[in-house]
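Structure assessment
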Amino acid sequence: MKAIRRFTVRTVLPEQLQPLHELALNLRWSWHPETRDLFRSVDPEVWAATGEDPVRLLGEVPAARLAALAVDRRFLRRLGDLADDLRDYLTGPRWYQTQLETGATPPPAAIAYFSPEYGIAATLPQYSGGLGILAGDHLKAASDLGVPIIGVGLFYRHGYFRQSLSRDGWQQERYPLLDPDELAVSLLREADGSPCRVDLALPGGRTLAAHIWKAQVGRVPLLLLDSDIEANSPAERDVTDRLYGGGSEHRLLQEMLLGIGGVRAVRAYCRRTGHPAPEVFHTNEGHAGFLGVERIRELVADPAAGLDFAAALESVRAGTLFTTHTPVPAGIDRFDRDLVARHFGGDAALPGVPVESVLGLGAETWRGGDPKLFNMAAMGLRLAQRANGVSTLHGEVSRSMFNGLWPGFDPAEVPITSVTNGVHAATWIDPAVIRLGAAEIGADRAEEAMTTGETKRWTGLERIGNAEIWDLRRSLRAQLVDEARRRLRTSWRQRGAGEAELGWVSSVLDPDVLTIGFARRVPSYKRLTLMLRDPDRLRALLLHPTRPVQIVVAGKAHPADDGGKRLIQQMVAFADDPAVRHRIVFLPDYDMAMAQHLYPGCDVWLNNPLRPLEACGTSGMKAALNGCLNLSVLDGWWDEWFDGQNGWAIPTADEGGGVLDPDSSEAERRDDIEAAALYDLIEEQVAGRFYDRGADGLPHRWIAMVRHTLVTLGPKVLAGRMVREYVERLYTPAALAQRELAAELPPRAEGSAGTAAERPEAAGRVTAARELAVWKAKVREGWSAVRVEHVEADCPAEAQELGSSLSLRVQVALGALEPGDVEVQVVSGRVDETDGISEVSVLALKPVGGPDLDGRTRYEGSLELCRTGPFGYTVRVLPAHPRLASPAEMGLVALPAESTGMDAGLLR
């Protein structure tokens, strides 16, 4: 019989225990061991039964136990101390507050951070994989550093799916309903107690409404929009049903609610709480890109701002950061142009935002683009003055992938930088590892090192003895073995096995055997089954008589990805073989709770994607923080920080494997070569070093690698280091640019240059944003007349001596533009057989005199020949303005014998 209504009956806590609610509703408990220990002590059995969830614990613990705790002096002292500690954490100055006091440029008063998913804790399942875990770690690190971030996302009533296996190993999905009353969230309310609500206009006079749930992540509020409310029709109620579910229109509505509704939720939160309004908006991937469209609407509608669409676009761009996480075009959301037009036109239009302007933001105007599609990444880049990839290599890949938005520029000049991802140490380091480090360097220093990432090395850890490290590693491995057996037994019961069939599970894995971990999402490029290329050789590794290997595998395929599900089925079929099932296991339902056992318990973390398709790959970072060594293709972060002593690099058969047809003979050959290299590494180097024991029974060379990994990689892989980089390199410059564009310019003196179109005082106050928009419009309109007409040098000989120089004279036609509107550059460097220039140097030439009778301006300069070998140069003209963040920002360049304008740049 099915209930017609569901609700939660809450336990009433005695007054003395009320601080437990405060501790439970702040998700800091998820990375604060002392608070978790307190909740465990409330009732260990209920704590375990509720999945270590404080909110559910307090709802299910017996009243008699609560009454006993209310008079337990020792417990009450612990409770009071932890409540005080949380209040100190929330209110005391931290790293960011020192920046406010000492920084030359004040950092932003607040930053709004938008992401479609967040991995904060397993008990709040609003994530699917690495993107969400990264977003969660970003918020946690921001909280630890005191960075005033407001997180924005969607509240999915069914979250992402829970995974199980059928008897034949096929992935099964189920979507348990999440009850907000059983989660660490609270409804944002108006002063009268009614829920805060945001509304979006939809075609046909419909409305999409949402309430706002707030999860408190330490110091950081996370706002989650929920469309499952009575004000909506059934179709609109389902908009936030599942993460990455539904068809194209469903996804578009989710992304509109995240972007447009998210900005409105931020405004409501700041209005209700007095939180400073964000100066910077950071979109984590393109899913939230419509936030820029909403902010343009706000500025156009604000009489005090007095901005039209073009000026509002400049103001919005200045304060927006776009982070891309995908290294392949197929990973970008693209919608039918007509579908977007229907949702931003007619009665659904945003006032002051023409539908054609919205469509232009996402247009694929580059060669090979599809004019019928709306590209969310293109919109994200056009709406953000700053953009970044998530590792150094991914930055290079992104500059090449999005080069079409900046034709005429080399990929190296595309204005996309990189900030290598990091992971939140307190979340992912096992408490035993923390205790070992704290014993040597002190608890305060250990916490500071994990939080800030300021030091280049974790000095002091070198003093930890080999025996201590080895005992720790063995203990963590044993914990993983116990957890794997428990999960494997549960999985087989779900697959239909009876208890009598499962006696073998108690001997699965061995706490003294070299343990390799492989766990991640299961798209084809991550190559879950590469280890199965030669099954006989893998069996030989697993069953080696003196140097055996055991492997723990986990991962989820997207529900619509049958190819990924077949890969899982192949892996499960191999692991089910009675001959090897004690040495290799597949654990279903990979989530944060499983990961927190996997990373510490493995000796080696395996990663074998197609290079360069792994944008970053943070799972290996989490493993490294626990003294696990990486065995990986040189991709993502590993390409950046592998040093030969912190693990092993799997050789790759080609540099562009990701572009091969996966069914081609070339792809088959590549996988065969790389799988063979993987087997060789495991057999000859990894296992050899692990089992190479000294007279005392310790693998000293292995332990040296573990210690080196902790000392040198530890500080690099921290989310604290990552967030500091975002603040210093991107957030603060963005805030400064936004402030400058919002500033009002003084009126020009009477009789000074400048037409009414250039200085539209009559239309309202003149801000820097308005002036920049007018200047850009002038440059775009006049760019077709800009030409490099003549270049000459005073050294015509083919061979030149090192240290000599060329005196260059260049004639440039500027049309209606002035010399101050452009910069004329000499681009020089080493040349290849096709005359392509590399190792580039740029020299700005200076105008000499005014325009000649033909309207041409002469530029001159001296080019020093500072390198030997083949050398070449060219000349180009670029727009120049002090408020451009990059010379390539407008996407306009004029080269000799041609004039290059970029349609895609017309919106910049």
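Some points on the overall build of the protein chain
Of the regular secondary structure elements, the protein chain holds 29 helices and 29 strands. Here the C-alpha radius of gyration of the protein chain, 30 Å, is about what a compact globule of 908 residues would show, namely 29 Å. For the protein chain, the spread of C-alpha atoms along the principal axes amounts to about 95 × 70 × 50 Å. Counting across all 908 residues of the protein chain, residues that qualify as buried make up 56%. Here the analysis covers contacts within the protein chain between residues at least 6 apart in sequence; of these, 72% occur between residues at least 24 apart.

Notes on the packing of aromatic side chains
Scanning all chains against the criterion turns up 20 aromatic pairs. Both rings, one in Tyr-160 and one in Phe-161, keep their centres 4.8 Å apart while their planes meet at 45 degrees; by these two values the pair is tilted. With a relative accessible area of 1%, Phe-161 lands in the buried category. The ring of Tyr-89 carries Arg-28 above its face, with NZ or CZ at 4.3 Å from the centroid.

Focus: helix α7 (residues 95-102)
Those residues of α7 that sit buried are Trp-95, Tyr-96 and Gln-97. Against the buried residues of α7 lie β1 (111-114), α8 (130-145) and α28 (719-742).

Regarding unusual backbone geometry
A cis amide bond links Arg-611 to the next residue, Pro-612, at an omega of 5 degrees. Its location among the elements puts Pro-612 in the loop between β18 (604-607) and α24 (619-625). The phi dihedral of Tyr-244 is positive, around 55 degrees, even though this residue is not glycine. Relative to the helices and strands, Tyr-244 resides in the loop between α9 (234-237) and α10 (248-273). On the accessibility criterion, Tyr-244 (17% relative accessible area) is buried.

Side note on the sheet that holds strand β17 (residues 584-587)
Read across the sheet, six strands follow the order β17-β16-β15-β18-β19-β20 without closing on themselves; strand pairing throughout is parallel. The outermost strands of the open sheet, each flanked by one partner alone, are β17 and β20 (647-650). Neighbouring strand axes in the sheet, compared pairwise and without regard to direction, differ in orientation by 20 degrees on average. Here β18 runs beside strand β19 (residues 629-633); their pairing, made up of four bridges, is parallel. Looking across to β19, one finds that Leu-606 is bridged to Leu-631. Helix α21 (residues 535-542) rests against β16 (549-554) and β17 of the sheet, and its axis sits at about 115 degrees to β16. Across the sheet, helix α27 (residues 700-716) touches β15 (514-519), β18, β19 and β20, and the angle it forms with β19 is around 80 degrees.

Side note on the pattern of salt bridges
Scanning all chains against the criterion turns up 56 salt bridges. Residues Arg-197 and Asp-199 are paired through a salt bridge, measuring 2.7 Å at the closest nitrogen-oxygen approach. Linking Arg-297 and Glu-294 is a salt bridge whose minimum nitrogen-to-oxygen distance equals 2.8 Å. Of this pair, Arg-297 and Glu-294 both sit in helix α11 (residues 291-301), three residues apart, which is roughly one turn of the helix. Residue Glu-294 is classed as buried on the basis of its relative accessible area, which comes to 0%. Salt bridges sharing common partners tie together Arg-157, Asp-226, Asp-228 and Arg-237.

As for the sheet that holds strand β25 (residues 846-848)
Taken together, the four strands give an open sheet; going across it, the order is β21-β22-β26-β25, and neighbouring strands pair in antiparallel fashion. Strands at the two margins of the open sheet, each flanked by one partner only, are β21 (787-793) and β25. The mean angle between the axes of side-by-side strands here comes to 30 degrees, regardless of whether they run parallel or antiparallel. Pairing between β25 and strand β26 (residues 856-864): three bridges, direction antiparallel. From the neighbouring strand, Pro-847 faces β26, where its bridge partner is Tyr-859.

Quick look at the pairing of β18
Of the two faces of β18, both are covered, the one formed by Val-604 and Leu-606 as well as the one formed by Trp-605 and Asn-607. Between the parallel elements β18 and β19, the chain passes through α24 in a crossover that is right-handed.

Topic: the environment of Val-355
Structurally, Val-355 is set in helix α14 (residues 355-361). A relative accessible area of 24% means that Val-355 is categorised as partly exposed. It is 8.8 Å that separates the C-alpha atoms of Val-355 and Val-340, two residues lying 15 residues apart in sequence. Apart from residues no more than four positions distant in its own chain, Val-355 is found in contact with Ala-341, Phe-344 and Gly-345.

Some remarks on the environment of Val-390
The residue Val-390 is located in the loop between β13 (386-389) and α16 (392-401) in this model. A relative accessible area of 1% means that Val-390 is categorised as buried. Ignoring any residue separated from it by four or fewer positions in sequence, one finds Val-390 in contact with Thr-323, Thr-324, His-325, Val-419, Thr-420, Asn-421, Ala-615 and Cys-616.

Structural notes on the packing of α8 against α28
When two helices pack together, their arrangement is given by the angle between the helix axes and by the axis-to-axis distance. Relative to each other, α8 and α28 sit at 80 degrees, their axes nearing to 8 Å. As judged from the angle between their axes, α8 and α28 are roughly perpendicular. Between α8 and α28, the contacting residues are Leu-134, Asp-137, His-138, Ala-141, Ala-142 and Leu-145 on the first element and Ala-719, Gly-720, Met-722, Val-723, Arg-724, Tyr-726 and Tyr-731 on the second.

A few points about the packing of helix α12 (residues 309-318) against α28
Axis separation between α12 and α28 bottoms out at 7 Å; the angle between their running directions is 155 degrees. Regarding the angle of α12 to α28, the classification is roughly antiparallel. Side by side, α12 and α28 meet where Glu-314, Ser-315 and Ala-318 of the first sit next to Ala-734, Ala-737, Gln-738 and Leu-741 of the second. Residues belonging to the contact of α12 with α28 are distributed by class as follows: four nonpolar, two polar and one charged.

A closer look at the confidence of the model for the protein chain
For the protein chain, the average pLDDT comes to 91, and 92% of its residues sit at 70 or higher. Confidence drops under a pLDDT of 50 for residues 750-763, and excluding neighbours within four residues, the segment shows 16 contacts in the predicted structure.

Remarks on the side chain of His-424
Summarising the element assignment, His-424 is placed in the loop between β14 (417-418) and α17 (425-428). We classify His-424 as buried; its relative accessible area is 3%. Among the polar contacts listed, one links the side chain of His-424 to the side chain of Asp-144, at a separation of 2.7 Å. Apart from residues no more than four positions distant in its own chain, His-424 is found in contact with Trp-31, Asp-137, Lys-140, Ala-141, Asp-144 and Ala-719.

Notes on the nonpolar core
Ranked by size, the top nonpolar core spans 103 residues in total, and within it Met-531, Leu-631 and Trp-702 carry the most contacts. The leading source of residues in this core is helix α20 (residues 466-494), at nine residues. Setting aside its immediate chain neighbours within four residues, Leu-631 contacts Val-604, Trp-605, Leu-606, Asn-607, Trp-648, Ile-650, Leu-678, Leu-681, Ile-682 and Val-686. Ranked by size, the runner-up nonpolar core spans 65 residues in total, among them Ala-24, Trp-29, Leu-38 and Ala-141.

Considerations on helix α22 (residues 562-575)
Under the 1.5 Å per step criterion, the end-to-end length of α22 is 20 Å for 14 residues, consistent within 8% with the ideal 20 Å. Turning to α22, its buried residues number three or more, namely Gly-564, Lys-565, Leu-567, Ile-568, Met-571, Val-572, Phe-574 and Ala-575. Between the side-chain oxygen at the start of α22 and the backbone nitrogen of Gly-563 there is a gap of 3.2 Å, and the oxygen is on Asp-561.

Regarding the environment of Gln-570
You can see Gln-570 is positioned in helix α22. A relative accessible area of 44% places Gln-570 in the partly exposed class. Separated by 402 residues in sequence, Gln-570 and Asp-168 have C-alpha atoms that sit 9.9 Å apart. The residues contacting Gln-570, other than those within four sequence positions of it, are Thr-529 and Leu-532.

Focus on the side chain of Gln-738
Tracing the backbone through its elements, the reader meets Gln-738 in helix α28. When neighbours within four sequence positions are excluded, Gln-738 is seen to be in contact with Glu-279, Ser-315, Ala-318 and Gly-319.

About the criteria used
- Residues numbered from 1 in each chain as written.
- Predicted model: local features only at pLDDT ≥ 70, side-chain atom pairs only at ≥ 80, totals over all residues.
- Heavy atoms only, no water.
- Helix = DSSP H or I, 4+ residues; strand = E, 2+ residues; numbered from the N terminus.
- Rg over C-alpha atoms; globule rule 2.2 N^0.38 Å.
- Buried < 20%, exposed > 50% of the residue type's maximum accessible area, 1.4 Å probe, protein only.
- Contact = heavy atoms within 4.5 Å.
- Phe/Tyr/Trp six-rings, centres within 6.5 Å; stacked < 30°, edge-to-face > 60°.
- Lys NZ or Arg CZ within 6 Å of the ring centre and 35° of its normal.
- Pairing = 2+ DSSP bridges.
- Axes fitted to C-alpha atoms, helices over the stretch in contact; angles between N-to-C directions.
- Salt bridge = Lys/Arg side-chain N within 4 Å of Asp/Glu carboxyl O.
- Right-handed = clockwise from strand over helix to strand, strands pointing away.
- Parallel < 35°, antiparallel > 145°, perpendicular 65-115°, else oblique.
- Nonpolar A, V, L, I, M, F, W, Y, C, P; charged D, E, K, R; others polar.
- pLDDT = per-residue confidence, 0-100.
- Polar contact = N/O pair within 3.5 Å; in protein donor to acceptor, adjacent residues only side chain to side chain.
- Core = buried A, V, L, I, M, F, W, Y, C linked by side-chain atoms within 4.5 Å.
- Expected span 1.5 Å × (residues − 1).

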